[in-house]
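A closer look at the structure
Single-letter residue listing:
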Amino acid sequence: MSGFTGEFLGTMVLIILGVGCCAGVNLKGNYAKGSDWTFVCLAWGMAVTFGVYVAGNFGSQGHLNPAVTLGFAAFGFFPIKSVLPYLLGQFLGAFVGAAIVIIHYAPHFQAAKSSAEGNSVGIFATGPAIKNPLFNFLSEMIATFTFIFCLLNLGDFTKGLKPLIVGLLIMVIGQALGGTTGFALNPARDFAPRMAYAILPVPNKGDANWEYAWVPVFGPIAGGIAAAFLQMLL
């Protein structure tokens, strides 16, 4: 399955580092607790950077994201035959990465007895700052459109310093557009860790907020397809 291994390992690294950052920022008794939004955006940017490096080294194009894969494939920027292996790698890698974070932070989940002490699905998945489904969807669509349009103009972004450029792009999108919804940008990044939180034995866990889960799945996909469509037109 061409690309599966790279996408699996790269997305796993992405989630270990990104969700790991969120656990550190939120959970009771952690040295990183209370770190600011800049810290979070930088951590997610570097998580993407090193995920792309790992994925590229294992033979994939470093998408790590179904919105990238589907958007690219919709308008001929990526072969249709490779879509399924990439998607499987992304969702499975994200789930395994989330499971590793749960193991790593097990004592902190045990110490944090409630969402008031930082133990919530927000460690693993995104949620709106102000709940408004239409505008939450548009926020994810716009942020992902911007991200993927830039990717389409970077060429092969697994080479040289380009993964670092991708990470910096993620960081600035988080700072500029991410404060509304937590900038999922990526259905696998949101859905698979949310599923891991829901079904794995996380101590003291609360609700997985499935009511909102469609937004960070379909908003990014719509944004990715729109970006690829614009690129094709231009």
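Placed above this text is the structure.
As a starting point, this report considers the structure included with it. Remember, it's a predicted structure, so these values are computed and weren't measured experimentally.

**A look at the overall build of the protein**
Within the protein one finds 9 helices and 0 strands. Whereas a compact globule of 234 residues would reach a radius of gyration of roughly 17 Å, the protein reaches 17 Å, a difference of no more than 12%. Summarising its shape, the C-alpha atoms of the protein cover approximately 50 × 35 × 30 Å along the three principal directions. Counting the 234 residues in the protein, one finds 50% classified as buried. For the protein, long-range pairs separated by at least 24 residues make up 79% of all intrachain contacts whose partners lie at least 6 apart in sequence. Carbon and sulfur atoms form 70% of the exposed surface of the protein, whose accessible area is close to 10000 Å². Within the protein, one finds 10 positive and 8 negative side-chain charges whose respective centroids are separated by 5 Å.

**Focus on a nonpolar patch on the surface**
A surface patch of nonpolar side chains, amounting to about 600 Å² of accessible area, comprises Leu17, Phe50, Tyr53, Leu161, Leu164, Ile165 and Leu168. Elements with a minimum of two residues in the nonpolar patch: helix H2 (37–57) and helix H7 (162–177). For the nonpolar patch, the element with the most residues is H7, which contributes 3 residues. Secondary-structure assignment places leucine 164 in helix H7.

**What about the side chain of serine 139?**
Along the chain, serine 139 falls in helix H6 (residues 133–152). Note on serine 139: relative accessible area 18%, which makes it buried. At 3.2 Å, the side chain of serine 139 forms a polar contact with the side chain of threonine 180. Those residues in contact with serine 139 that lie beyond four places of it in its chain are Thr180 and Thr181.

**Focus on H7**
Note: α-helices contain 3.6 residues per turn, so residues at a spacing of three or four share the same orientation. With 16 residues, H7 should reach 22 Å at 1.5 Å per residue; the first-to-last C-alpha distance of 22 Å fits that figure. Those residues of H7 that are buried lie in contact with H2 and H6.

**Topic: the pattern of salt bridges**
Evaluated as defined, the whole model comprises 3 salt bridges. Ionic pairing is found between glutamate 117 and lysine 28, a salt bridge with its closest N-O pair at 3.5 Å. On the criterion of sequence distance, the pair formed by glutamate 117 in the loop between helix H5 (106–111) and H6 and lysine 28 in the loop between helix H1 (4–26) and H2 is long-range, its members being 89 residues apart. The partly exposed category is assigned to lysine 28, whose relative accessible area is 38%. A salt bridge links lysine 131 to glutamate 211; its shortest N-O distance comes to 3.2 Å. Here lysine 131 is found in the loop between H5 and H6, whereas its partner glutamate 211 is found in the loop between helix H8 (187–199) and helix H9 (215–233), with 80 residues between them in sequence. Both residues of the pair, lysine 131 and glutamate 211, belong to the exposed class.

The rules behind each value
- Residues numbered from 1 in each chain as written.
- Predicted model: local features only at pLDDT ≥ 70, side-chain atom pairs only at ≥ 80, totals over all residues.
- Heavy atoms only, no water.
- Helix = DSSP H or I, 4+ residues; strand = E, 2+ residues; numbered from the N terminus.
- Rg over C-alpha atoms; globule rule 2.2 N^0.38 Å.
- Buried < 20%, exposed > 50% of the residue type's maximum accessible area, 1.4 Å probe, protein only.
- Contact = heavy atoms within 4.5 Å.
- Areas by Shrake-Rupley, 256 points an atom, 1.4 Å probe, with all protein chains shown as cover.
- Lys, Arg positive; Asp, Glu negative; His and termini not counted.
- Charge placed at Lys NZ, Arg CZ, Asp CG, Glu CD.
- Patch = residues over 30% accessible without salt bridge, like charges linked within 9 Å, V, L, I, M, F, W, Y side chains within 5 Å.
- Salt bridge = Lys/Arg side-chain N within 4 Å of Asp/Glu carboxyl O.
- Polar contact = N/O pair within 3.5 Å; in protein donor to acceptor, adjacent residues only side chain to side chain.
- Expected span 1.5 Å × (residues − 1).

Keep in mind these numbers describe shape, not what the thing actually does.
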